[in-house]
Amino acid sequence: MLARVLSFVALGAALASCGLDLAGLEDTPETGTGDSGVDASLGDDVIVGGNDAQGIDSTMPDSGPKDGGGDGPTSCSPACKNQTCVNGHCTGMCAPGQETCMGQQPQTCSPTGTWQASGATCPYACVAGSCKGTCVPGDKQCNGQQPQKCDASGAWQNNGAACPNVCTAGMCTGACTPGATQCSNNGEETCNSSGQWGSPQPCQYVCTGGACGGVCLPGAVQCSGDGVETCNANGQWGTAVACMNQTCVSGVCTGMCAQGQTNPVPCGNCGTDTETCGPTGTWVAGTCANMGVCAPSTMQTCNTYGSQTCSQTCAWGACSCPNPSVCTPNATQCAALNQPQVCNACGQWQNATACVLGQVCSNGACTCTTGSCNAGCCSGNTCNAGNQDNACGSGGNACDDCTTNGETCSALLPKQCVCTGCLNGTTCLPGSSDTACGNNGAACADCADAGKTCNKIGNTCN
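None of these values were measured; they are calculated from a predicted model. (Residues numbered from 1 in each chain as written. Predicted model: local features only at pLDDT ≥ 70, side-chain atom pairs only at ≥ 80, totals over all residues. Heavy atoms only, no water.)

Below, the discussion takes up the overall build of the protein chain. A tally of regular secondary structure across the protein chain gives 1 helix and 46 strands. The buried share of the protein chain, reckoned over its 462 residues, is 28%. Here the analysis covers contacts within the protein chain between residues at least 6 apart in sequence; of these, 18% occur between residues at least 24 apart. Total accessible area on the protein chain is roughly 26200 Å²; 53% of this is exposed by carbon and sulfur atoms. (Helix = DSSP H or I, 4+ residues; strand = E, 2+ residues; numbered from the N terminus. Buried < 20%, exposed > 50% of the residue type's maximum accessible area, 1.4 Å probe, protein only. Contact = heavy atoms within 4.5 Å. Areas by Shrake-Rupley, 256 points an atom, 1.4 Å probe, with all protein chains shown as cover.)

Below is the structure:
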């Protein structure tokens, strides 16, 4: 114990020589008047202990009077945690030599247990009292399409999955990948650097697979040789469909023939014209070749009364008239046996239609006369039997039409129209009615007017 007291006194004296009286020591023993605090001599306060950090006396039994001061300890027990031991007490907020950060400012613990700024503010991160990292914690950036965020140590870390379209300021944005293209109403849209679709640019032909392409407008037609090609939905010409016996004009089969075809047709007088199919599918005439000297069936005079006819091969036939002529063309005469004759174009007599029974040839024509038709009647130049109601008569007289007046042709000779009923003026009535009664061509009687009836037997009024 004495050794501890002597050691403390020695420490106090040493500090006092430096102007520090941490132990409350002064030159005047026991009195405690020199320092208003702690005695320097070994009076009553020989025991170091108690709570004497502020110069409060701690006495042992039999100690002398108190001097209002006290002797402080030189260490802390138990040891201070994150504080500084001052006069045997743990004080402050840190242990000397500790380092920490106040925001971006490095700090070091002072001997009195307070934090003091140490060096300049960190440009990025302050970690455990030292400047670290390459970025400010919390900042965001893009590494290509990968969003990143600065961690607490000032290091960039991937923040989520890579962006499908655009990474901007550490965040995924945009509706498309820059440079990508798509089709919109036959126009091509391009994704800009912000990941937004631009205005569609119209395609000349067709937009397919996100880009303008093709060589034609879908549905358009064109000619390929003598076939029609149709543009498909991808803007490409399809396989040509051949025109059948027609010509392709402006993408349509038209006309009546295919280009290059030929067609021989008759022309002129038995000639041949070889037609060629033109560019519009119509036949184009050529030159008539190999013609004859005349047109088939035409005629020409070959001598005084004769003629010759052009054959079907367009050559003149033999002359129709022998020489010499014996009559004037179209003249008529009657030959033997009542045979009518006419002079033809060659001046030769030719038999006409022969006369039949009841006719006679007169001036080169058959006619009906009383002498040739004595058993019937003549109807023009024709001899009828004369026993028909509409051709009644005999002796070669002109035929009567009995039906005109309601008469009939008599069954006895001479054939003539008779009225078997009664005559109402010139009209023959049956003569069996009450208002027209009578027979044998007598005038009709009106039985009803006399209050009588016509007797059907004898056709008389009774």
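Turning our attention to the state of the cysteines. If you walk through the whole model with that rule in mind, you get 30 disulfides. One disulfide in the model links Cys334 with Cys361; its S-S distance is 1.8 Å. Residues Cys334 and Cys361 are joined by a disulfide whose S-S torsion is about -90°; by sign, that bridge is left-handed. Placement of Cys334 in strand S29 (residues 332-335) and of Cys361 in strand S32 (residues 359-362) is noted, with a sequence separation of 27 residues between them. (Disulfide = S-S within 2.5 Å.)

With that out of the way, let us pick up the side chain of Glu189. With respect to the secondary-structure elements, Glu189 resides in strand S14 (residues 187-190). Side-chain polar atoms of Glu189 contact the side chain of Gln182, separated by 2.6 Å. Excluding its chain neighbours within four sequence positions, the residues that come into contact with Glu189 are Ala180, Thr181, Gln182, Ser184, Trp197, Gly198, Ser199 and Pro200. (Polar contact = N/O pair within 3.5 Å; in protein donor to acceptor, adjacent residues only side chain to side chain.)

On to the pairing of S32. Only one face of S32 is buried: it carries Gln359 and Cys361, and the other face, with Val360 and Ser362, is open. In this sheet, strand S33 (residues 365-368) lies alongside S32 in antiparallel orientation, the contact comprising 4 bridges. Of the residues in S33, the one forming a bridge with Val360 is Thr367. (Pairing = 2+ DSSP bridges.)

With an omega of 0°, the peptide bond between Ser77 and Pro78 qualifies as cis. Its location among the elements puts Pro78 in the loop between helix H1 (2-17) and strand S1 (84-86). Note that the residue after Leu413, namely Pro414, is joined by a cis bond; omega there is -10°. Within the fold, Pro414 resides in the loop between strand S38 (408-409) and strand S39 (417-418). Located in the positive-phi region is Asn440, a residue other than glycine, with phi close to 60°.

Ordered by their spatial adjacency, 3 strands build an open sheet running S13-S14-S15, and the pairing between neighbours is antiparallel. Each edge of the sheet is formed by a strand with only one pairing partner; in this case those strands are strand S13 (181-184) and strand S15 (201-202). Bridge count for S13 against S14 is 4 bridges, and the pairing is antiparallel. Looking at S14, one finds that Cys183 is bridged to Glu188.

We now examine the sheet that holds S29. Across the sheet, which stays open at both edges, the 3 strands sit in the order S29-S30-S31 with antiparallel pairing between neighbours. If you trace the sheet from one side to the other, it starts and ends with S29 and strand S31 (349-351), each paired once. Neighbour-to-neighbour, the strand axes of the sheet open up by a mean angle of 35°, direction not taken into account. Here S29 pairs with strand S30 (residues 339-343) via 4 bridges, running antiparallel. (Axes fitted to C-alpha atoms, helices over the stretch in contact; angles between N-to-C directions.)

Within the secondary structure layout, Gln348 lies in the loop between S30 and S31. Here Gln348 is in contact with Pro322, Pro324, Ser325, Val326, Cys327, Val342 and Cys343, once residues within four sequence places are set aside.

This paragraph deals with the confidence of the model for the protein chain. In this model, the protein chain carries a mean pLDDT of 83, and residues with pLDDT of at least 70 account for 84%. Between residues 1-71, whose pLDDT stays under 50, and residues either more than four places distant or in other chains, the model counts 108 contacts. (pLDDT = per-residue confidence, 0-100.)

Moving on: the environment of Gln350. Looking at the secondary structure, you find Gln350 in strand S31. Assessed through its relative accessible area of 42%, Gln350 is described here as partly exposed. If near-sequence neighbours (up to four positions away) are discounted, Gln350 is found in contact with Pro340, Gln341, Val342 and Asn344.

Turning our attention to the environment of Gly138. Looking at the element boundaries, Gly138 is found in the loop between strand S7 (130-132) and strand S8 (140-143). Residue Gly138 is classed as partly exposed on the basis of its relative accessible area of 42%. Counting along the chain gives 16 residues from Gly138 to Gly154, while the straight-line C-alpha distance between them is 8.7 Å. Each residue touching Gly138, except ones within four places of it in the same chain, is listed here: Lys149 and Cys150.

When you line up the elements, Leu357 lands in the loop between S31 and S32. Assessed through its relative accessible area of 84%, Leu357 is described here as exposed. Sequence-wise, Leu357 and Ser372 are 15 residues apart; in three dimensions their C-alpha atoms are separated by 7.5 Å.

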